[in-house]
Amino acid sequence: KTVTVNPLPAPTITGNNNVCVGATGVNYTTEASMSGYLWSVSSGGIIASGGTTNSILVNWNIVGPQSVSVNYTIPATGCSATSPASKAITVNPLPVPSITGPAQVCAGSAGNVYTTESGMTNYLWTVSAGGSISSGGGTSSNTVTVTWNATGAQSVSVNYTNSNTCTAASPVTKAITVNPLPAPGLTGPVSACNGSTGNVYTTETGMTNYLWAVSPGGNITAGGGTSNNTATVTWNGTTPQSVSVNYQNSAGCTALNPAVKNVTINPLPVPTLTGQASSCEGSAGVIYNTEAGMTNYLWATSSGGTITSGSGTNSISVSWFLPGSQSVSVNYTNSNGCTANAATSKSVNVAPLPGAAGTITGNAAVCAGSTGIPYSVAAIANT
């Protein structure tokens, strides 16, 4: 009897031998038109469909070395391989992207750089609605530069494909807090007298990097340093002048523009003084006047005179009791609160009274009805 000995089949398997964990529907194929297909996968995979055909779909769930195998029968001969064909599969882990960069930023800040792993492909960067990407952020860039425009909770995220062609199941997200910019306040006098000292200006306490500035008519005499929330200013210029301040708050943010206080510099008054420039020894009620409507009138006389009335007004009455060169002076505060640096003074010449008439010479005994009898006294300078 003639016997035909048929060869055993040698099944082959085609399909991806390098996959990512979580991959679904990975197709593996063997020879078609056979019967009794018997597929199996190692414990890290699940046959999703096609287990009795020449093609199956596998879901890979566990990282590490796995395998898929198949055997079948040749219908014409009824022969099967002694052992199934097996294909080694490497199930790679998914990447875990990381992001480095500032988590605390200031509203409006630009140039905030965020970085993830280099050497990957298909980078996909996104930022929340409060930010805008100013550079980087392409599919080949592992960095992105962001400008943050809106305050509050914001975020930046990234995903990519690694060298095993695996991509994280979801992008990594970095939470960003966008802090509002400070709004410095500034208190202090809005008007001052020319030459006034000790004008104190104050802003919020507890900040850093204070930056004080005054216009050319001002001079900071105390405070005003990077750690000072006050500045003391002497004003010397004409109006208008200004003082300004900015600082960095506890979140490291600085206002876009400093707080500015405009200051009006008022000129000092120049009191005028009217009244008699000469008087007689012993004269009383001599009136001297200056501008009306002022406050804090300050009158004074030299030692030869006495103010008898009106000391707190713009008009005084003086009695002169010593002859010689005397004076009267006045100062005051005007409606701007300014006082002249020095009082206005007026010189007064107080003339002495004539001395006793002296001896009258002439006949001491005369006849009734006599006329033209001469009498005289010594000549004097004043009449």
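Here, the structure is the one placed above.
In this report, the structure presented in the accompanying data block is examined. From a predicted model like this one, the values you see are computed outputs, not experimental measurements.

Let us now look at the packing of aromatic side chains. Applying the stated rule across the entire model yields eight aromatic pairs. Between Tyr 28 and Trp 60 the ring centres are 6.3 Å apart and the planes differ by 85°, which places this aromatic pair in the edge-to-face class. Note that Tyr 28 is positioned in strand E3 (residues 26–29) and Trp 60 in strand E6 (residues 55–60), a separation of 32 residues in sequence. Seen in terms of ring centroids, Tyr 114 and Trp 148 are 6.3 Å apart; in terms of plane orientation they differ by 85°. Their pairing is edge-to-face. Here Tyr 114, found in strand E11 (residues 112–115), pairs with Trp 148, found in strand E14 (residues 143–148); they are 34 residues apart in sequence, far enough to count as distant.

Spatially, four strands are ordered E10-E16-E15-E12 in an open sheet, and the strand pairing comes out mixed. Both outer strands of the open sheet, strand E10 (104–106) and strand E12 (121–127), are each paired with one neighbouring strand and no more. The sheet shows a mean angle of 25° between the axes of neighbouring strands, taken without regard to direction. Pairing analysis gives five bridges linking E12 to strand E15 (residues 152–161), with the strands arranged antiparallel. Note that in E15 the partner of Thr 126 across the bridge is Ser 157.

Our next topic: unusual backbone geometry. Geometrically, the link from Thr 239 to Pro 240 is a cis peptide bond, its omega value of -10° lying close to zero. Relative to the assigned elements, Pro 240 resides in the loop between strand E21 (230–235) and strand E22 (241–248). In the Ramachandran plot, Asn 122 falls in the positive-phi region, its phi being about 55° despite a non-glycine side chain. Inspection of the secondary structure assignment puts Asn 122 in strand E12.

Turning to the state of the cysteines, a few remarks are in order. By the definition in use, this model includes three disulfides. For Cys 20, the disulfide goes to Cys 166, at an S-S distance of 1.9 Å. Classification of the bridge connecting Cys 20 and Cys 166 rests on its S-S torsion, roughly -100°, and on that basis the disulfide is left-handed. Of the two residues, Cys 20 sits in strand E2 (residues 18–20) while Cys 166 sits in the loop between E15 and strand E16 (172–179), which places them 146 residues apart along the sequence. On the accessibility criterion, Cys 20 (12% relative accessible area) is buried. Overall, Cys 166 belongs to the buried group, its relative accessible area being 0%.

Attention now moves to the side chain of Ser 279. Within the fold, Ser 279 resides in strand E25 (residues 278–280). The residues touching Ser 279, leaving out its near neighbours within four places in the chain, are Val 286, Trp 320, Val 348, Asn 349, Val 350 and Ala 351.

Attention now goes to a nonpolar patch on the surface. Together, Ile 360, Val 366, Tyr 375 and Val 377 line one region of the surface with nonpolar side chains, adding up to about 380 Å² of accessible area. Note on placement: Val 377 falls in the segment after strand E31 (344–351).

Attention now goes to the sheet that holds E21. As summarised here, the arrangement of the three strands in space is E18-E21-E20, forming an open sheet in which the pairing is antiparallel. Each edge of the sheet is formed by a strand with only one pairing partner; in this case those strands are strand E18 (199–202) and strand E20 (218–223). Averaged over neighbouring strand pairs, the angle between their axes works out to 35° when direction is ignored. When E18 meets E21, the two strands line up antiparallel, connected through four bridges. Paired with Val 200 across the bridge in E21 is Thr 232.

If you look at the biggest cluster of nonpolar residues, it comprises 16 residues, and the most contacted ones within it are Ile 13, Val 19, Tyr 28, Trp 39, Trp 60, Val 68 and Ile 89. Looking at this core, the elements with two or more residues in it are E3, strand E4 (35–41), E6, strand E7 (64–74) and strand E9 (85–92). Every residue in contact with Ile 89, bar those within four places of it in the chain, is listed here: Asn 16, Asn 17, Val 19, Tyr 28, Trp 60, Gly 64, Pro 65, Gln 66, Ser 67 and Val 68.

Here we take up the pairing of E11. Burial along E11 is one-sided: Asn 112 and Tyr 114 are buried, while Val 113 and Thr 115, pointing the other way, are not. Direction of pairing for E11 relative to E14: antiparallel, over a ladder of four bridges. The partner of Asn 112 across the bridge, within E14, is Val 146.

Rules of the game
- Residues numbered from 1 in each chain as written.
- Predicted model: local features only at pLDDT ≥ 70, side-chain atom pairs only at ≥ 80, totals over all residues.
- Heavy atoms only, no water.
- Phe/Tyr/Trp six-rings, centres within 6.5 Å; stacked < 30°, edge-to-face > 60°.
- Helix = DSSP H or I, 4+ residues; strand = E, 2+ residues; numbered from the N terminus.
- Pairing = 2+ DSSP bridges.
- Axes fitted to C-alpha atoms, helices over the stretch in contact; angles between N-to-C directions.
- Disulfide = S-S within 2.5 Å.
- Buried < 20%, exposed > 50% of the residue type's maximum accessible area, 1.4 Å probe, protein only.
- Contact = heavy atoms within 4.5 Å.
- Patch = residues over 30% accessible without salt bridge, like charges linked within 9 Å, V, L, I, M, F, W, Y side chains within 5 Å.
- Areas by Shrake-Rupley, 256 points an atom, 1.4 Å probe, with all protein chains shown as cover.
- Salt bridge = Lys/Arg side-chain N within 4 Å of Asp/Glu carboxyl O.
- Core = buried A, V, L, I, M, F, W, Y, C linked by side-chain atoms within 4.5 Å.

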